[in-house]
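Listed here are the chains, written in short residue letters.
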Amino acid sequence: MSEKQRFFIEISYHGLHYHGWQYQPNAVTVQEKLDYALSTFFGEKIESLGCGRTDTGVHATQFYAHFDINKAFSENQEIRFLKGINSLLPYDIAVKHLHKVHDDAHARFDAIRRSYEYHIHFNKNPFKTYTSWLHKESLNVEAMNIAASYLLDYEDFGAFCKANAANFTNICMVSRAEWEVRNDGIVFHITANRFLRNMVRAIVGTLTEIGKGKHGVEHIKNVIESKKRSNAGASVPACGLFLTEVCYPYITEAIEEI
C-alpha cells in the first residue's frame, strides 16, 4: 500500500539565470532544476507545483512548492533530505524549510497572502546590477506614496495586467502599498491576497511616472478605473523585483537545514 505524503518545500532563488519559475520549452527554469534535484534524491519522478509563477529575471526570497512522495519520512530523514537536496541544486537556488502538510494542501490555491518588494537605486553600483533597477533621475517619493495609498481603495487591477493574460478574475485585495527610503535607494512594498501577471512591475512603472512629475497623484485612480493596460506605465525591469512572502492558514513546524 502506498504511503504517499505531501510536502511543501520553501526555497529562495536568484532569478538572473532563469526564465522564471515555471517549466518552459527550450529555457532553463527554477522548477526544472528543483524537480531534477527531487527526482534524483528520491529515485522516482517528482513533479512539483509552485505557489505562482515569476517572470524571467525575477527573484524570490520565499517561494513555496508542493510535491508528493511515496515514502514515509522520519525526522532524521527530513534533515538528511534538506542537506541532500541543497547539494544537488545550483548555487543560486536554496532549500530553506520542509513542511509536512495534509494531502489536499495546494501551494498555489491555498495561499492567503503574498508580498513583493521592488528595489530602485540611483547611483551606479556593480553589486546591485542584477538585484535593483538603476534609475538615474530623482523621484518624488512623497507623491509616489500618496499615489500608492490609493491602491488600497480598489479591487479591479486589470489595468496593470499583462495583455491577453487568461485570468479568471482581475480582483485583488491589496493590503499594503508603500515606498521605503533607504540609504542606498528606495524599496516598494506591496501585499495582496493575489497578483495578476506583471501587476507589480506595471504598478511601479506607473508610480515612477508620477514620481518624475509626468502625472499628478490622482493619475493612478484614472488608470485603475480605465481598466486599460495601455493607460498604465511601462513595466519596469525584472531585476528589481522580489517575491518575499507567501502565507498559508496552515504550515506545520519546519525542519530547518542544519
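Numbers given to residues run from 1 along each chain, matching the order in which its sequence is written. A pLDDT threshold of at least 70 governs which residues receive local features in this predicted model, and a stricter bar of 80 or more applies before side-chain atom pairs are shown or counted, although totals over entire chains, interfaces and linings include all residues. Values reported for side chains reflect all heavy atoms of the structure, with hydrogen atoms and water molecules removed beforehand.

S.K.: Give a detailed account of the overall build of the protein chain, specifying residues and quantitative values.
M.R.: Helix and strand counts for the protein chain come out as 5 helices and 10 strands. Each radius of gyration is computed over the set of C-alpha atoms, and the globule rule expresses the reference value as 2.2 Å times the number of residues to the power 0.38. For the protein chain, whose C-alpha radius of gyration is 20 Å, the value lies close to the compact-globule estimate of 18 Å for 258 residues. When a residue's accessible area, from a 1.4 Å probe over protein chains only, is under 20% of the maximum for its type it is buried; when over 50% it is exposed; and in between it is partly exposed. Scored against the burial criterion, the 258 residues of the protein chain give a buried share of 51%. Look at the contacts in the protein chain between residues 6 or more apart in sequence, and 73% of them connect residues 24 or more apart. Every accessible area reported is derived by Shrake-Rupley at a probe size of 1.4 Å, with residue values counting cover from the shown protein chains alone. Accessible surface, the protein chain: about 12,800 Å² in total, of which carbon and sulfur atoms supply 49%. For the purpose of counting charges, residues Lys and Arg are taken to be positive, whereas Asp and Glu are taken to be negative. His and the chain ends are not included. The location of each charge is read from NZ of Lys, CZ of Arg, CG of Asp or CD of Glu. Charge-centre separation for the protein chain: the mean point of 28 positive side chains lies 7 Å from the mean point of 30 negative side chains. For the purposes of this entry, the term helix denotes a DSSP run of H or I that reaches at least four residues, the term strand denotes a run of E that reaches at least two, and both are numbered from the N terminus. Whether two residues are in contact is decided by their heavy atoms: any pair within 4.5 Å suffices.

S.K.: Which residues make up unusual backbone geometry, and what values go with them?
M.R.: Residue Asn198 is not a glycine yet carries a positive backbone phi of 70 degrees. One can find Asn198 in the loop between strand S8 (185-192) and helix H4 (199-211). Residue classification places Asn198 among the buried residues on the basis of a relative accessible area of 14%.

S.K.: If you had to explain the packing of aromatic side chains to someone new, which residues and values would you point to?
M.R.: Both the distance between ring centres and the angle between the ring planes are used here to describe each pair of aromatic rings. Two rings from Phe, Tyr or Trp (for Trp, the six-membered ring) form a pair when their centres are within 6.5 Å of each other. A pair whose planes differ by under 30 degrees is stacked, one over 60 is edge-to-face, and the rest are tilted. In the structure shown here, the tally under the stated rule is 17 aromatic pairs. Aromatic side chains Phe7 and Phe67 sit 6.1 Å apart centroid to centroid with 25 degrees between the ring planes, which places their arrangement in the stacked category. Taken as a pair, Phe7 in strand S1 (residues 5-13) and Phe67 in strand S3 (residues 59-69) lie far apart in primary sequence, 60 residues in all. Residue classification places Phe67 among the buried positions, given a relative accessible area of 0%. Among the aromatic side chains, those forming a connected cluster through ring pairs are Phe7, Phe41, Phe42, Phe67 and Phe81. Either the NZ atom of lysine or the CZ atom of arginine qualifies as a charge over a ring when it sits within 6 Å of the ring centre and within 35 degrees of the ring normal. Sitting over the ring of Tyr150, Lys221 keeps its end group 4.2 Å from the ring centre.

S.K.: Break down helix H3 (residues 141-149) for me, with residues and values.
M.R.: The set of residues buried in H3 consists of Val141, Ala143, Met144, Ala147 and Ala148. Looking straight down H3, one finds that the buried residues subtend no more than 155 degrees of arc, so they occupy a single side. On its buried face, H3 sits against strand S7 (174-182), S8, H4 and helix H5 (219-226). Polar contacts, as counted here, are pairs of nitrogen or oxygen atoms within 3.5 Å of one another; within protein the pair requires one atom able to donate a hydrogen and one able to accept it, and residues that are adjacent in sequence qualify only if both atoms are side-chain atoms. Among the residues of H3, the N-terminal cap falls to Asn140, whose side-chain oxygen and the backbone nitrogen of Glu142 are separated by 3.2 Å. The arc in question is formed by the directions pointing from the helix axis toward the C-beta atoms.

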